[in-house]
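Tertiary structure, described
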Amino acid sequence: MAKGRLSGLTVDSLRLPKSLGPILLVYLLAVLWTAGVTNGGHSLPYDAFRDTAWSQNMLEGEIWADPSILGAPWWYAPAGPALMASIAAFSGQETPYVHAQSSLWLNPLILTIFFILMWRKKEHTNASSALPILLFGSLWWMTHLAAAMPSIQGEVPALLTLLSWSWCVEALLAGEDRLRTILLRGAVTGLGLALTAWWHPVCALVAAGAVGFHALSLGLSRCAQWQRLGLMLGSTAISAIVFSAPLLVHILTMARQNPVPFDYVAPEMSDPTFAIGGSTPAVGLLALVGLILILKDRPRLGWLPGLLAVAIIGQAPAYLSWWERLDLPYLVPHEFQWHGQLAIAALAATGLVNIIRFVFGHFGKFPGSRFLPPVVGGFLLIGSLAPAFSYLPFAGAYLADVNEIIAIRQEIVDWIKNSTRIGDVIACPAPQAYMLVAGLTGRKCAALPAGHTNPSVNASRRLTLLSTLQTTPDEEIFRQTAQSLKVDFVLVTLNSEEAVDFHRRMKEWRWTRQVFSSRRGRTSIFEVQGNGARNAGAIRSSRSVPPIEPRDAPPSLR
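A quick note: this is a predicted structure, and the numbers were derived from the prediction, not measured.

**Section: the packing of aromatic side chains**
Aromatic rings in a pair are described by how distant their centres are and how their planes are angled relative to each other. All told, the structure shown has 13 aromatic pairs when counted by the stated rule. Aromatic pair Phe136 and Phe389: ring centres 5.7 Å apart, planes at 85°, arrangement edge-to-face. Residue Phe136 is found in helix α6 (residues 124-137), and its partner Phe389 is found in the loop between α18 (372-385) and β2 (399-401); the two are separated by 253 residues along the sequence. For Phe136, a relative accessible area of 18% puts it in the buried group. Plain terms: the ring middles of Phe478 and Trp509 are 4.9 Å apart, the flat faces sit at 45° to each other, and that makes the pair tilted.

**Some thoughts on the packing of helix α2 (residues 48-59) against helix α4 (residues 95-105)**
As a packed pair, α2 and α4 sit with axes 9 Å apart at the nearest point and diverge in direction by 125°. As summarised for this structure, α2 and α4 are arranged oblique, according to the angle between their axes. For the element pair α2 and α4, the recorded crossing hand is right-handed. Judged by residue contacts, Asp51, Thr52, Ser55, Gln56 and Leu59 of α2 engage Thr95, Pro96 and His99 from α4. Split into classes, the residues belonging to the contact of α2 with α4 amount to 2 nonpolar, 5 polar and 1 charged.

**Points about the pairing of strand β5 (residues 489-493)**
On a regular strand, each side chain points to the face opposite its neighbour's, so the side chains alternate between the two faces of the sheet. Among the 5 residues that make up β5, 5 are buried, leaving the element largely enclosed by the rest of the structure. Alternating residues of β5 divide into Phe489, Leu491 and Thr493 and Val490 and Val492, and every residue in both groups is buried. Sheet analysis places strand β3 (residues 425-427) next to β5, joined by 2 bridges and oriented parallel. Pairing of Ala427 across the sheet is with Val490, part of β5. As judged from the 5 bridges shared by β5 and strand β7 (residues 523-528), these two strands associate in the antiparallel manner. Each residue of the ladder has a partner; that of Val492, found in β7, is Ser524.

So, how was this worked out
- Residues numbered from 1 in each chain as written.
- Predicted model: local features only at pLDDT ≥ 70, side-chain atom pairs only at ≥ 80, totals over all residues.
- Heavy atoms only, no water.
- Phe/Tyr/Trp six-rings, centres within 6.5 Å; stacked < 30°, edge-to-face > 60°.
- Helix = DSSP H or I, 4+ residues; strand = E, 2+ residues; numbered from the N terminus.
- Buried < 20%, exposed > 50% of the residue type's maximum accessible area, 1.4 Å probe, protein only.
- Axes fitted to C-alpha atoms, helices over the stretch in contact; angles between N-to-C directions.
- Parallel < 35°, antiparallel > 145°, perpendicular 65-115°, else oblique.
- Left-handed = near helix turned anticlockwise from the far one by under 90°.
- Contact = heavy atoms within 4.5 Å.
- Nonpolar A, V, L, I, M, F, W, Y, C, P; charged D, E, K, R; others polar.
- Pairing = 2+ DSSP bridges.

Laid out in structure tokens, this is it:
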């Protein structure tokens, strides 16, 4: 290939007719896996109800605001919920179903793009080995690959960004010297980083770190001229910063009253061996071999050590805080861990393939040697992953069936969506508020679990006020607390003695009137009358609330 002339548009000049078949096969297999784990695209993880709430708000015109706390600013990256809201608007489907079904067509792209990234000229065995190692060698990915939530689906633009960066590296290693080509490829990579940031900032942070480490290694190893490398990296950075600036400025300048969403540490991280794939120790050893090989002589795959390095840096403060009892700040370290396990899978595939090649390349010919290496490699691969197969029944452990979730609450959901507006505030226990009120109807909540409450909102104060609202026997204190939280409706489910007492008080007080009772009488909704904030102009229902007086129509408790 002549200097400055690049004919390929993808990594290592993959020719589309030859590569399309394997790529489509990988995508199809990933779809089948996802369909099996998600019950045909009808399952969602708990975290996703934060996103279904925002999609519902977007459909009703409330785009740039917190979807669950009235008056709070938006705080979560909007690209995923916006895409799902657009699909819901076009298809007429309910937002929870759109989010659940997105796992069938969007999540399989993670494995597909990962496959393309690992596929090099004459290196299809690396790509083919990396897929099962990622899926079965990492319990994070086995249980989360099919999860329809931004932190997972954000891997799609993140991996596309790394694919674009590989396209840049191809140009550098081929001696490309045309300024336009260098700047253009860098700018495309930057756009990928910006899109990733709008989808999920941590995914963008990890991808940006991998690019930065790779660029540094290329410069230090003199695989690329510093001038051309600097121009390409500069155009990447400028493009990424310009198009992600509104998001970054908003996030960095937002008030911090609730650190819980960022400080959360997944319970899996309490076992340090989980970080390096303790269920499949052979994968870690193979990854070590792959890391040595790539650091020694694999400039095109240099983003992999960078990805692993950023993942380790992101996890380190949490582990140091435990082991050394240091008070270090950290940011969702479990998400860095699953990025690290993605890198480990790719490194392990490289190690496995090269071990097989070394053995059969240095110990002479064997009868049937043409077929022996892949057979031995296959057995070694299966043996390495075998300990993880016992975990397969738990692949969908983090998912819940949307049909069942909605069916249990359908009557309540229908009433709330038909009789209230998007800005009405409904008070109920925080877990119920998160999933039912916010996640299924998009209505505002008095309080949510702290881990899913806007960082700019004082979550502990709201939870304290909610507890006061639900337990005080004093009607005046109830009224003042309801005004403080701007509560328009109170939802009561009779699942405890405290709830029964609360329900009785609500029926007796003059500031509340019952407007809904479920058919079985287990759930009631009361309107809070005389709410100053609501009467002063807060958004309220465009439909008249049925004038049901609690003493005239008591619920039939059963």
